[in-house]
Amino acid sequence: MNMTGEGSTGILLSIQEPASKPMSSLAAELATLLGSVDRPGDYVTSGSIELLPPSLEIEGVGPVALPLLPVQAEQIISLAEAAPFGRGEETIVDPAVRRCWQIGPDRVRLGGRHWPRTLGTILARAAEGLGVAGPVRAEFYKLLLYERGGFFVDHRDTEKAPGMFATLVVVLPSRFTGGELVVQHKGRQARLGLRSEDPAEAGFAAFYADCRHELLPVTEGYRLTLVYNLIGPGRGRPPEPPDFTKEQARLATLLQAWSAGKGRSGDITPEKLVYPLEHAYTPAELGFPTLKGRDAAAANVLSSATREADCDLHLALLTIEESGAAEYAESYGRSRRGRWGADEEEIEAGEISDRRVTLSDWRRQDGETPGIGEIPVEEEDELSPPDACDDLMPDEERFHEATGNEGASFERSYRQAALVLWPRARFFAVLNQAGLRVTLPYLEDLARRVVESAGEAASSLRYAARDLATHMIAQWPRRSPFPRDETVPSAVGRMLEALVQLQDRDSIERFLAEVISAGNLEKRDNTALLRALALLPRLLRTSLVERIVAATTATGFGACADLLARATATWAADGTAALAGAAARLVDAMPDGPARREQSWLDEDSVQVNSGVVVDLLTSLGRIDAPLAERAVETMLARSGTYGMDRVLLPAIRTLIASGPECLRALEQLRAACLAHLRARIAEPLAPPPDWRRASTLPCHCRLCTELAQFLKDPERQSWSLKAAEADRSHVEETIRKARCDADMATDRRGRPYTLVCTKNQASYDRRASQRAQDLKDLARLTTDGAR
């Protein structure tokens, strides 16, 4: 049910709420107030029902097809009379007040095998929705037909029969638009469409007789309606609409104090409150119009109170997932036969090791599904009451028997619909509880909508995006120690791109200072980072780069080198001298450099570098400070274990000479060292082996490996066969691989055990010959390019 309009002002609590109530107190008080809503129902209820079309006959028309055909609608109009309305003691027909056609019950015959049961179901749901206990009878009043332009202005029904307390309308299948029913009561309003797109469904609504209501104009088609008088149980006073004015006022006061307190420093109240409902609802039927009994009453009272207190109210599915160790217990008569024939013990849930409580499947009061993902629940603070889920029965429970490595375990889950509310100004704080997997797509969507909007709409969206970004930055997760997938955008990169799209310089500065400067930088983020830095003033951006480099070199040296190389290329027009501080920090933190070796906490992987890192480093240093570049080269040449000549420095010098960076002296220093390395290796003699003697130094000296070594150093033997068990053959194969022996391996699978056949080759010579060819090529390249 879509509730709109102003709520009651209500009655103030006699004791004012403190600015920050204890967390459990707020949740408990909400539960207490909602618990006082002791009567289910509301002034109006509505819904839809699957309909097996009744047998409908109208005198003068005959059987009427459903959905209603336009030609039969015209026939009904030709035989109907204009519907009047009451004014005091008079009954008047005035098309300015009511445009509608009616046919009395004496000319309408309703039947069919399924109709009595369908009407009974509608009547039961209407009685429950109105909160009426005891038998309720429906008395057919008339059939109404609204054509295009038909309407009925705001009015109140008169009592048409003894004991009548409410009106029931059933909208039969027909094609029309418009014609919404608006029902009002004590400052509240419900606007009901009652039109179903499915011809096998009918909409219905019931409301108390003292409610003011109107039918808005039908804009297209024909709206065919059955109207019933609802007669209450017994001969006493007819039922009246529930009145929770006092409870609503107290709830509004409680929520207003909560909302006001959230804006103060030191507030410890929860961000949201979660009120589990009594009835079970599937995700498909979850919605405000389908709530039952006390659930509907609580939702209606909260609907008014939250509007008064400027809070948001949603429906959601509360899910609890638990897992832990299971235990075997005697089953006493319920034992089952195990696979070895003995009776097995029954598995029972033991201690819970993991418990997860979340909200999902969100519904707004207008029936829409907002773009809110799965949000966690803080049970001790946000559940109302705090023990609301203590006695739930699991919806699913699974047991896993013990295996060789693990003991028995269990998994179970509970699901319950819940009303969820929070101060409207704290929506993004609530959304932020779900983490980046929810907030990042939401922020990206806001950024896209800002770009596509203009004027006040864009300003409003931009303000919302800045609010969300503030919450995200404040609770950004720490850097993960696990390796990332460099092929996909990171959360940091996506955040930066969104902030750049928003042109939000304040949030960019805060994100760089609080998140990235805390060590959250990866190489893949540098493109987005430079776009963000470009929006900041020159002095600020260079200061931030130095902070980022200082915080990241220990765990992301390559990312920092790449950042400086990109920055110096991008900001060349502004000069690069301002980056000298960042460059000096980078050189001080070079892998395996004097400052870096003092950081004993770094693992081995953190000091690995490649040629690309060297290229980025020397390229940026050449643009910023040539002496720093020379110092960097000296460190590289002194640390051959980290900066291997063949693995790192030679590939780097090839690229550097081709690109011609500005650090000429440092480049010449590196080139000279590489040339000396190449000339020394080229000078070594190179000839194929004269006999079958091969290198025989092995890492293992067991009996089999000793036999292998003797074979390798024998100048006469070309092959060796080892007939042995698989474990022994595998060990010898591993030794050959580790020592890079000049031997091919094959397994002869004839007979048992199999035979490992080792045949000598000249792989070492081939590798050296290939290396010689590459060395000669590099020597020519470095000599020619270096001479230019």
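This one's a predicted model, so the numbers in the text were calculated from it and none came from an experiment.

Peer 1: Go over the nonpolar core with me, naming the residues and quoting the values.
Peer 2: Counting 138 residues, the largest nonpolar core has L419, M495 and F511 as the members making the most contacts within it. A per-element tally of this core places helix α13 (residues 538-570) first, with 11 residues. The residues touching L419, leaving out its near neighbours within four places in the chain, are L273, V274, Y275, L277, F288, A298, A299, L302, L313, H314 and L315. Counting residues in hydrophobic clusters, the runner-up holds 64 residues, among them L130, F140, V170 and L172.

Peer 1: Provide a residue-level description of the pairing of strand β28 (residues 409-423), including the pertinent values.
Peer 2: In terms of residue burial, β28 counts as a mostly covered element, since 12 of its 15 residues are buried. Where strand β21 (residues 273-276) meets β28, four bridges bridge the pair, whose relative direction is antiparallel. Each bridged residue has a counterpart across the sheet, and for Y275 the counterpart in β28 is L419.

Peer 1: Could you give an account of the packing of helix α8 (residues 436-452) against helix α9 (residues 455-474), with specific residues and numbers?
Peer 2: For the pair α8 and α9, the least separation of the axes is 9 Å and the interaxial angle reads 155°. One finds that α8 runs roughly antiparallel with respect to α9. Here α8 and α9 pass one another in a crossing that is left-handed. Residues L436, T439, L440, Y442, L443, L446, R449 and V450 of α8 form the contact with α9, whose participating residues are A458, L461, R462, A464, A465, L468 and M472.

Peer 1: Quick one: what's the story with the sheet that holds strand β13 (residues 164-171), residue by residue and with numbers?
Peer 2: Taken in spatial order, the seven strands of this open sheet run β2-β17-β13-β20-β11-β9-β5, and their pairing is antiparallel. With partners counted over all chains shown, the strands left at the sheet margins are β2 (44-50) and β5 (81-82), one partner each. Where β5 and strand β9 (residues 101-103) come together, two bridges link them in antiparallel fashion. Within the sheet, the bridge partner assigned to E81 lies in β9 and is Q102.

Peer 1: Run through the pattern of salt bridges, naming residues and quoting values.
Peer 2: Taken as a whole, this structure holds 41 salt bridges when the rule is applied. The salt bridge involving E374 is made with R356; its shortest N-O contact spans 2.2 Å. With E374 in the loop between β25 (346-363) and β26 (375-376) and R356 in strand β25, the pair connects residues that are 18 residues apart, well separated along the chain. According to the relative accessible area criterion, E374 is partly exposed, its value standing at 25%. For the salt bridge of E546 with R585, the shortest nitrogen-to-oxygen distance reads 3.2 Å. Of this pair, E546 sits in helix α13 while R585 is found in helix α14 (residues 580-588), placing the two residues 39 residues apart along the sequence. Through salt bridges with shared partners, one network takes in E322, R355, E379, E397 and R412.

Peer 1: I'd love a proper account of the sheet that holds strand β4 (residues 62-63), names of residues and values included.
Peer 2: In space, the three strands of this open sheet follow the order β4-β3-β10, with antiparallel pairing throughout. Pairing within the sheet leaves two strands with one partner each, and these edge strands are β4 and β10 (108-111). Pairing analysis gives two bridges linking strand β3 (residues 55-58) to β4, with the strands arranged antiparallel. Bridged to E57 within β4 is P63.

Peer 1: Which residues make up the side chain of E630, and what are the values?
Peer 2: Looking at the element boundaries, E630 is found in helix α16 (residues 626-638). Among residues more than four places away in sequence, those in contact with E630 are R665, A666 and Q669.

About the thresholds
- Residues numbered from 1 in each chain as written.
- Predicted model: local features only at pLDDT ≥ 70, side-chain atom pairs only at ≥ 80, totals over all residues.
- Heavy atoms only, no water.
- Core = buried A, V, L, I, M, F, W, Y, C linked by side-chain atoms within 4.5 Å.
- Buried < 20%, exposed > 50% of the residue type's maximum accessible area, 1.4 Å probe, protein only.
- Helix = DSSP H or I, 4+ residues; strand = E, 2+ residues; numbered from the N terminus.
- Contact = heavy atoms within 4.5 Å.
- Pairing = 2+ DSSP bridges.
- Axes fitted to C-alpha atoms, helices over the stretch in contact; angles between N-to-C directions.
- Parallel < 35°, antiparallel > 145°, perpendicular 65-115°, else oblique.
- Left-handed = near helix turned anticlockwise from the far one by under 90°.
- Salt bridge = Lys/Arg side-chain N within 4 Å of Asp/Glu carboxyl O.

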